[in-house]
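A closer look at the structure
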Amino acid sequence: MIIKKFIPEEFAANNYLVYNEDTKNAVLFDCAGSFDKITKFIEENKLNLEKIIITHIHFDHVMDCAAFKKKFKNVKILIPSLDKPLFDNLTMQCDLFGVRRVEPFVADEFIDENSKIYLDDIEIKTISTPGHSKGSSCYLINDNLISGDTLFYEEIGRCDLPTGSFSDIARSIKEKLFLLDDNVKVFTGHGDNTTIGHEKEYNAYFGKKAHLLG
């Protein structure tokens, strides 16, 4: 299994293409600003894009959903069920931030921790991590965590946007993510990747050595 990272210039919201080298089946986590690069990579490597899985419904993580739907006719878009109110009000969200509006797209499935998602025979486990938004979710694939905007390198996602909550993100990180193995690699929604072990020590909010930072 390969994880390929794409970093768009606009908004710098990381996109992750995860694919099976043998079967060529692939899933994409979040999609904003790297449509041309991702499409070229998919075509050059003859991949079959099966699903687009969204970590949370903020405009900078879903901007290209409609474009991918048009290009890849059979792709299914999965979004966290608790972020449906944000999904239903994407236009208002874009206007609030003064950015170009997200082209409307269809969500094929609303998912939660009970959803069964696979890339071939590899389970993609949904972990509900409210805080950055109510529906924010992380996705565990073996020892790899797609964390969206919940957990960053020595940081956390902001909690002052609609449906955000600091108390929620604290519980999500301390009671869910920090229970994962230290060696789990964290593929963040913005910035550099990290590991659960590193964040348990050095995260500015919840790490054991947070008081030593700065």
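The notes below deal with the structure included here.

Conventions adopted
- Residues numbered from 1 in each chain as written.
- Predicted model: local features only at pLDDT ≥ 70, side-chain atom pairs only at ≥ 80, totals over all residues.
- Heavy atoms only, no water.
- Core = buried A, V, L, I, M, F, W, Y, C linked by side-chain atoms within 4.5 Å.
- Buried < 20%, exposed > 50% of the residue type's maximum accessible area, 1.4 Å probe, protein only.
- Contact = heavy atoms within 4.5 Å.
- Salt bridge = Lys/Arg side-chain N within 4 Å of Asp/Glu carboxyl O.
- Helix = DSSP H or I, 4+ residues; strand = E, 2+ residues; numbered from the N terminus.
- Pairing = 2+ DSSP bridges.

1. Re the nonpolar core
- Leu17, Leu49, Ile52 and Phe105 are the most contacted members of the largest nonpolar core, which totals 33 residues.
- Leu49 has contacts with Leu17, Ala26, Val27, Leu28, Ile42, Phe68, Phe72 and Val75, leaving out every residue within four places of it along the chain.
- Residues Leu151, Ala170, Ile173 and Phe178 belong to the second largest nonpolar core, which totals 17 residues.

2. Examining the pattern of salt bridges
- One pass over the full model with this rule turns up twelve salt bridges.
- Measuring nitrogen to oxygen at the nearest pair gives 2.8 Å for the salt bridge that ties Arg101 to Asp95.
- Given a relative accessible area of 52%, Arg101 falls into the exposed group.

3. Considering unusual backbone geometry
- Located in the positive-phi region is Lys24, a residue other than glycine, with phi close to 75 degrees.
- Its location among the elements puts Lys24 in the loop between strand S2 (15-19) and strand S3 (25-29).
- The phi angle at Thr163 is positive, at roughly 70 degrees, despite the residue not being glycine.
- Structurally, Thr163 is set in the loop between strand S12 (155-156) and helix H6 (166-175).

4. With respect to the pairing of S2
- For S2, the tally of buried residues reaches five of five residues, placing the bulk of the element in the interior.
- Taking every second residue as pointing to the same face, both faces of S2 are buried, with Asn15, Leu17 and Tyr19 on one and Tyr16 and Val18 on the other.
- Looking at chain direction, strand S1 (residues 2-6) and S2 are connected through five bridges and run antiparallel. Each bridged residue has a counterpart across the sheet, and for Ile3 the counterpart in S2 is Val18.
- In the sheet, S2 pairs with S3 via four bridges, with the strands oriented antiparallel.

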